[in-house]
Amino acid sequence: MDGLGHRLRASLRLKRRRGGSRQDNLREAAKEPERAPEHCLSTFAGGQHFFEYLFVVSLKKKSSGRDYEPTITYQFPKRENLLRGQQEEEERLLSAIPLFCFPDGNEWAPLTEYPRETFSFVLTNVDGSRKIGYCRRLLPAGRGPRLPKVYCIISCIGCFGLFSKILDEVEKRHQISMAVIYPFMQGLREAAFPAPGKTVTLKSFIPDSGTEFISLTRPLDSHLEHVDFRSLLHCLRFEQILQIFASAVLERRIIFLAEDLSTLSQCIHAAAALLYPFSWAHTYIPVVPESLLDTVCCPTPFMVGVQMRFQQQVMDSPMEEVLLVNLCEGTFLMSVGDEKDILPPKLQDDILESLGQGINEFETASEQLNEHVSGPFVQFFVKTVGHYASYIKREANGQGRFQERAFYKALTSKTNRRFVKKFVKTQLFSLFIQEAEKSKHPPAGYFQQKILEYEEQKKQKKSREKTVK
């Protein structure tokens, strides 16, 4: 299943405003959030609810013309007795869901064959909180021409492998009857989201099959549970992935083009995940609905996915300094031109060498593959900014103050220092440091673990060099 990167997410901003057309609200929704309050969607502890809603979105013929309009035809749970503010928020959600389930426009015709697609989007509230939409689009069971429909689960939790399995169960039950879905989703709603490495088991009854036990296990290493790098590796060479990473690190405008929704969704989440432990806090839309294509004209940073059918519209749009990635052909259609020069050459070589070592061993093991791909990029940040904690000076009240100049001057490599002087000016780094300044506890987590391992390796190397002398 596709992954979020840590922030996996279409920047649909559910504005607290009344009035205006749905089109106006969606355009407002695509604006960049002022800041993201969290660095990683995968930092969820156990015990939370799995999901907020399950929707079925179907295509309904418009009264005039031959076009179809995506419409919510099933919702669980139904909300009643909502306060006014809650009701307005739900209405905004309900108006956005259909367009993101069918982002490719309204020109459909009944089909006898259609490849199932699994993709996702992220809705960002005005307060910075996020809801992820996990989608499965397919043809319903039956004979003869029919229209595809989408199952969409809305959750605040970023764990794509788990929700892919849940969508499998929903799909299986929907082939029998909508009535069979309800007890399964009710049981899931009452279950607590497991902690990393733990399993929750649900009991579910299916007519003619009896009682089934469904186990949902969360990966032990939760910082990559939102992503799967296989699509990105299938579409692009290591050198191209490195250039995309370099563009993202400097918060540039990046557009991905692909035929299908699954590829777009998976690749954009994978690209954003390479930024760990930092967070893409700008406009982020894994699959841009047709009505929001003018997002590519925005002067601010963005990372978006566009279906290939809209390629010409994108190419004809006025855009400044954009990296346009054709995932179908594995090429860059547009670029700034300096992507190979952004990162320090020695560290680029380190990343490429690490990526190439034994990559074929991980073709079927997604967790190991994720670690193999993510690891060199985490090491890049360890080597360039891993000393950040030593340059946060604490005042008497515990508030930290980051010593920026001393921080980058501490780097002995001129090329590393030149890169870091640019990187510290990005929102990626600023948000990370703001959180570190506010924290009154020593750094913890996967990134800190890798920093400590790197420091220990350096000590051991120095010790060996002294022994040789």
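Note on numbering: residues in each chain are counted from 1, in written sequence order. For this predicted model, a pLDDT threshold of at least 70 governs which residues receive local features, and a threshold of 80 or more governs which side-chain atom pairs are given and counted, while totals over whole chains, interfaces and linings are taken from all residues. Note that water and hydrogens are dropped before the side-chain values are worked out from all heavy atoms of the structure.

A. Focus on helix H12 (residues 414–423). Taken together, the buried positions of H12 are Asn-416, Phe-419, Val-420 and Phe-423. The buried residues of H12 occupy an angular sector of 100 degrees when the element is viewed end-on, so they sit on one face. Facing away from the buried side of H12 by over 90 degrees, the exposed positions are Lys-414, Arg-418 and Lys-422. Contacts between residues were defined by any pair of non-hydrogen atoms, one from each residue, lying within 4.5 Å. We count a stretch as a helix when DSSP gives it H or I for four or more residues in a row; a strand needs E for two or more, and each element gets its number in order from the N terminus. On the buried face of H12, the contacting elements are helix H6 (238–249), helix H9 (345–356), helix H10 (366–385), helix H11 (404–409) and helix H13 (427–438). Per-residue accessibility, obtained with a 1.4 Å probe over protein chains only, is compared with the maximum for each type, and a residue is labelled buried under 20%, exposed over 50%, and partly exposed between these values. Taking the helix axis as origin, the arc is that swept by the directions to the C-beta atoms.

B. Quick look at the nonpolar core. Here the nonpolar core consists of buried residues drawn from Ala, Val, Leu, Ile, Met, Phe, Trp, Tyr and Cys, with membership extended through side-chain atoms lying within 4.5 Å. One finds Ile-97, Phe-245, Ile-255, Phe-256 and Met-303 to be the most contacted residues of the largest nonpolar core, which totals 106 residues. Contacts of Met-303, omitting those with residues within four sequence positions, involve Ala-248, Ile-254, Phe-256, Ile-268, Ala-271, Ala-272, Trp-280, Thr-283, Tyr-284 and Ile-285. In terms of nonpolar packing, the next biggest core, distinct from the first, is built from 30 residues, Leu-54, Leu-162, Phe-184 and Ala-191 among them.

C. How the structure looks around the pairing of strand S4 (residues 117–125). The element S4 is extensively covered by neighbouring structure, given that nine of its nine residues are classed as buried. Burial along S4 is two-sided: the residues Glu-117, Phe-119, Phe-121, Leu-123 and Asn-125 and Thr-118, Ser-120, Val-122 and Thr-124 are all buried. Think of it this way: DSSP has to see at least two bridges between two strands before they count as a pair. Bridge analysis of S4 against strand S5 (residues 130–138) gives eight bridges, and the strand direction is antiparallel. Note on S5: the bridge partner recorded for Thr-124 is Arg-130.

D. How the structure looks around the packing of H6 against H9. Direction vectors running N to C along H6 and H9 enclose 135 degrees, while the axes themselves pass 10 Å from each other. On the basis of the axis angle, H6 is oblique to H9. Relative to H9, H6 is oriented so that their crossing is right-handed. Facing Phe-238, Glu-239 and Leu-242 of H6, the residues of H9 in contact are Gln-348, Ile-351, Leu-352, Leu-355 and Gly-356. Residue classes in the contact of H6 with H9 are distributed as five nonpolar, two polar and one charged. To get an axis, a line is fitted to the C-alpha atoms, and for a helix only the part in contact is used. The angle between two axes follows their N-to-C directions and goes from 0 to 180 degrees. Throughout this description, any angle smaller than 35 degrees is read as roughly parallel, any larger than 145 degrees as roughly antiparallel, any in the 65 to 115 degree range as roughly perpendicular, and the remainder as oblique. Should the near helix be turned counterclockwise from the far one by less than a right angle, the crossing is left-handed, whereas a clockwise turn marks it as right-handed. In this classification, Asp, Glu, Lys and Arg are treated as charged, Ala, Val, Leu, Ile, Met, Phe, Trp, Tyr, Cys and Pro as nonpolar, and every other residue, Gly included, as polar.

E. Seen up close, the packing of aromatic side chains. Ring pairs shown here join Phe, Tyr and Trp side chains whose ring centres sit within 6.5 Å, with only the six-membered ring taken for Trp; geometry is labelled stacked below 30 degrees between planes, edge-to-face above 60, and tilted in between. Counted under the stated rule, the structure contains 29 aromatic pairs. Between the aromatic rings of Tyr-134 and Phe-163, the centroid separation amounts to 4.2 Å while the plane-to-plane angle is 5 degrees, which identifies the pairing as stacked. Linking Tyr-134 in strand S5 with Phe-163 in helix H3 (residues 160–174), this pair joins segments that are 29 residues apart in sequence. Judged by relative accessible area, which is 0%, Tyr-134 ranks as buried. Looking at Phe-163, the relative accessible area reads 0%, which means it is buried. With a centroid separation of 6.2 Å and 70 degrees between ring planes, the pair formed by Tyr-391 and Phe-407 is classed as edge-to-face. With Tyr-391 in the loop between H10 and strand S14 (392–394) and Phe-407 in helix H11, this pair connects stretches of sequence that are 16 residues apart. When its relative accessible area of 21% is taken as the criterion, Tyr-391 is described as partly exposed. Owing to a relative accessible area of 0%, Phe-407 belongs among the buried residues under this scheme. Placement of a charge over a ring requires the Lys NZ or Arg CZ to be within 6 Å of the ring centre, with the centre-to-atom vector within 35 degrees of the ring normal. Seen from the ring of Phe-51, Arg-189 lies directly overhead, with NZ or CZ sitting 5.9 Å from the centre.

F. Representation of the sheet that holds strand S9 (residues 253–258) within the structure. Strands sit in the order S10-S11-S9-S12-S13 across an open sheet of five strands; the sheet is mixed. Two strands lie at the open edges of the sheet, namely strand S10 (283–285) and strand S13 (331–334), each paired on one side alone. Within this sheet the neighbouring strands show an average axis-to-axis angle of 25 degrees, counted without direction. As defined by bridge partners, S10 adjoins strand S11 (residues 302–307) across three bridges and the pair is classed as parallel. Looking at S11, one finds that Thr-283 is bridged to Phe-302.

Read these as layout, nothing more, since geometry by itself doesn't imply function.
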